[in-house]
Amino acid sequence: MKKILVIEDNPMVIKSLQFKLTKDGYDVIIAPDGREAMKLLKDATYDLILTDLNLPFVTGNELIAYVKENLQAIPIIVLSTSTQESIIMDAFNMGVEDFITKPFSPNELSLRVKRLLS
Amino acid sequence: MAVIHSIDSNWLLGYIPDDLPFVIKTNILMTIIFFGFAFFFVSFIILLRLYKIFRNRKKEEQRLLLENILNSYLFDEDFDKEKELQRFKDEYLNKALEIKIAIKEILLFHSNIKGESAIQLRELFLRWELDKFCKKQLENSAWYSKSRALFSLSEMLIKVDLDIIKPLLNHKKDEVRQQAQLYFIKLAENEPLAFLDHMDKPLTLWEEIFIEDALKNEYHGPMPDYSNWLHSSQHSVVDFAIRMIAKFNQFENISELLPLLEHSSEEVRRETIRSLCALEHFEIIDTLISQFGEETTLVKKTILDAIEHLGSYNDLMMLKDKIQDDEWDLKIKYYGIAQRFLPEKKQSIYIQYEKEKALLL
């Protein structure tokens, strides 16, 4: 079973993502903030990271930089409320594989996850 | 004293020994009464606290139930929608508090997701008849419930008889008026500002900001022709329409704006000048120069700004003699603009200003 690390601080979004991705057949691990995510990334390996950008303690950008430097193989999807072009461009320049803006379509997200993990 | 004697005659003083002096008896009595009040007061606070804890626990339980059923409804293909949703409605959507939490939770989901799932949430809102609850609140409730109901209905794009909404456009509470305006904009197909014709109260600055924001983000039809409101009896509506003409570059309405340079309201005249300036209508300079002498100080300042933006140093010079000796604000502004027109003569303009000042003082 493919393992997805979801880094998100909105409880409603966490629950929905967990529900949807588990239903799709993935093992979903939740980190409510960037610091917790760093710990989890050091302890285990993941097939995909789904992360917000505005996170407590360690920001999404710091986390992406860490992953792209140390764990290059893990694809990253950013799920953010930001629609600012510069922020989206920055994320892609840092090497993220996909960027989804909130409010998001769960079905679309599911397809994008599936595409990256296939 | 009358109170003490009436208590005395009944029972309270019977517990106090008779041989004590009157002052001591009174002190004891007052102490007992004070402790009685304190006891009731503390008990009341504890009861309120317990009620709040119970209510919060109930809310949290209801929220978790809703979170589960909403996730199942949206993402679980094996979920028996007909049966489960009806069962939930029968069991958990009976009291007002339960319904309010359901509305709040659905709106929370709705604000975070889009696409097919958002449509499903709207269907669920209707299936659970939460719209009926909101409509009822529009008619009989306190202002904050009305405001919340309007917000819920507009977020879910549920149409309500406009005769119910129209009176709320003139509600005494700003929040209700604002939500009623947003309701009209969000549900409009082609006339998002039709509600302005029904308004008796002036638009507040916040309302204007919210309307502008809603027009940009929530309304997807053709942009309205703002000249329709240039002759409204509400000066705040006229101001808003003038500003929007400039904001949305409605150059075709310039000819409609020009007569407003002679409007009775000072604020409308200022807004007209600013908007014509933003639309870069250079032809107004001559009119502004000829009008300058008869204008109020605030309008004169706006004209000076307009000359700086659209005109030349020669245009500015034509205003010099029209500024009265005691209009120091205008003189300072005039020389400031002159320095910006001729930066190379900054020092000589300053000296000229100082000379004029010395002469007048």
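Residues numbered from 1 in each chain as written. Chains lettered and ligands numbered in written order. Predicted model: local features only at pLDDT ≥ 70, side-chain atom pairs only at ≥ 80, totals over all residues.

A. Structural view of the overall build of chain A. Regarding its fold elements, chain A presents five helices and five strands. The globule rule puts the C-alpha radius of gyration for 118 residues at 13 Å, and the 13 Å found for chain A is close to it. Referenced to the eigenvectors of the C-alpha coordinate spread, the extents of chain A come out at roughly 30 × 30 × 30 Å. The buried share of chain A, taken over its 118 residues, is 32%. Long-range contacts, defined as pairs at least 24 residues apart, comprise 58% of the intrachain contacts of chain A with a sequence gap of at least 6. (Helix = DSSP H or I, 4+ residues; strand = E, 2+ residues; numbered from the N terminus. Rg over C-alpha atoms; globule rule 2.2 N^0.38 Å. Buried ≥ 20, exposed ≤ 12 C-beta atoms within 10 Å, placed from the backbone. Contact = placed C-beta atoms within 7 Å.)

B. Examining the overall build of chain B more closely. A count of helical and extended segments in chain B gives 18 helices and zero strands. Relative to the 2.2 N^0.38 estimate, which gives 21 Å for 361 residues, the radius of gyration of chain B is 33 Å and therefore markedly larger than a compact globule would have. Along the first, second and third principal axes, the C-alpha set of chain B runs to 95 × 80 × 40 Å. Burial analysis of chain B (361 residues in total) assigns 29% to the buried set. Long-range pairs, those at least 24 residues apart, make up 62% of the contacts in chain B between residues at least 6 apart in sequence.

C. Here's a closer look at the packing of helix α7 (residues 143-155) of chain B against helix α9 (residues 174-187) of chain B. All names here are of chain B. Between α7 and α9, the shortest axis-to-axis distance is 9 Å and the interhelical angle comes to 15°. By the angle class used here, α7 and α9 are roughly parallel. Considering only the axes of α7 and α9, their crossing is left-handed. Facing α7, whose interface residues are Trp143, Lys146, Ser147, Leu150, Phe151, Leu153 and Ser154, α9 presents Glu175, Val176, Gln179, Ala180, Leu182, Tyr183, Lys186 and Leu187. Counted by class, the contact of α7 with α9 contains nine nonpolar, three polar and three charged residues. (Axes fitted to C-alpha atoms, helices over the stretch in contact; angles between N-to-C directions. Parallel < 35°, antiparallel > 145°, perpendicular 65-115°, else oblique. Left-handed = near helix turned anticlockwise from the far one by under 90°. Nonpolar A, V, L, I, M, F, W, Y, C, P; charged D, E, K, R; others polar.)

D. Local environment of the pairing of strand β1 (residues 3-7) of chain A. Residues and elements named next belong to chain A. The element β1 is largely enclosed, with a buried count of four among its five residues. With five bridges connecting them, β1 and strand β2 (residues 27-31) associate as parallel partners. Paired with Leu5 across the strands is Ile29, a residue of β2. Where the polypeptide runs from β1 across helix α1 (residues 11-23) and back to β2, its parallel neighbour, the crossover connection is right-handed. Pairing analysis gives four bridges linking β1 to strand β3 (residues 48-51), with the strands arranged parallel. In the sheet register, Ile7 faces β3, and the bridge partner there is Thr51. (Pairing = 2+ DSSP bridges. Right-handed = clockwise from strand over helix to strand, strands pointing away.)

E. Structural detail: the UniProt feature "domain: Response regulatory" (unreviewed entry) in chain A. In this structure's numbering, the residues bearing the UniProt feature "domain: Response regulatory" (unreviewed entry) are residues 3-117 of chain A. Within residues 3-117 of chain A, the helical portion is 48% and the strand portion 20%, while the C-alpha atoms at the span's ends are 10 Å from each other. (UniProt positions renumbered as here; feature names shortened; annotations may be inferred.)

F. Here's a closer look at the interface of chain A and chain B. In this assembly, 14 residues from chain A lie in contact with 14 residues from chain B. Sorting the residues of the side of chain A that touches chain B by element identifies α1 and α5 (106-117) of chain A as the ones contributing at least two each. Examining the composition of the side of chain A that touches chain B, we find that seven residues originate from one element, α1 of chain A, more than from any other. Of the residues belonging to the side of chain A that touches chain B, the class tally is six nonpolar, three polar and five charged.

G. Examining α5 of chain A more closely. Spanning 12 residues, α5 of chain A covers 16 Å between terminal C-alpha atoms, matching the ideal 16 Å at 1.5 Å per step. Every buried residue belonging to α5 of chain A is among Pro106, Leu109 and Val113 of chain A, and all of these are buried. The buried residues of α5 of chain A occupy an angular sector of 60° when projected down its axis, which confines them to one face. With respect to the buried face of α5 of chain A, the exposed residues turned more than 90 degrees away are Leu111 and Arg115 of chain A. Where α5 of chain A is buried, its residues touch α1, β3, β4 (76-80) and β5 (98-101) of chain A together with α2 (22-75) and α5 (116-127) of chain B. (Expected span 1.5 Å × (residues − 1). Arc of directions from axis to C-beta.)

H. Structural view of the sheet that holds β3 of chain A. Residues and elements named next belong to chain A. Taken in spatial order, the five strands of this open sheet run β2-β1-β3-β4-β5, and their pairing is parallel. Each edge of the open sheet carries a strand with a single partner, namely β2 and β5. Averaged over all adjacent pairs, the angle separating strand axes in this sheet is 20°, with direction ignored.

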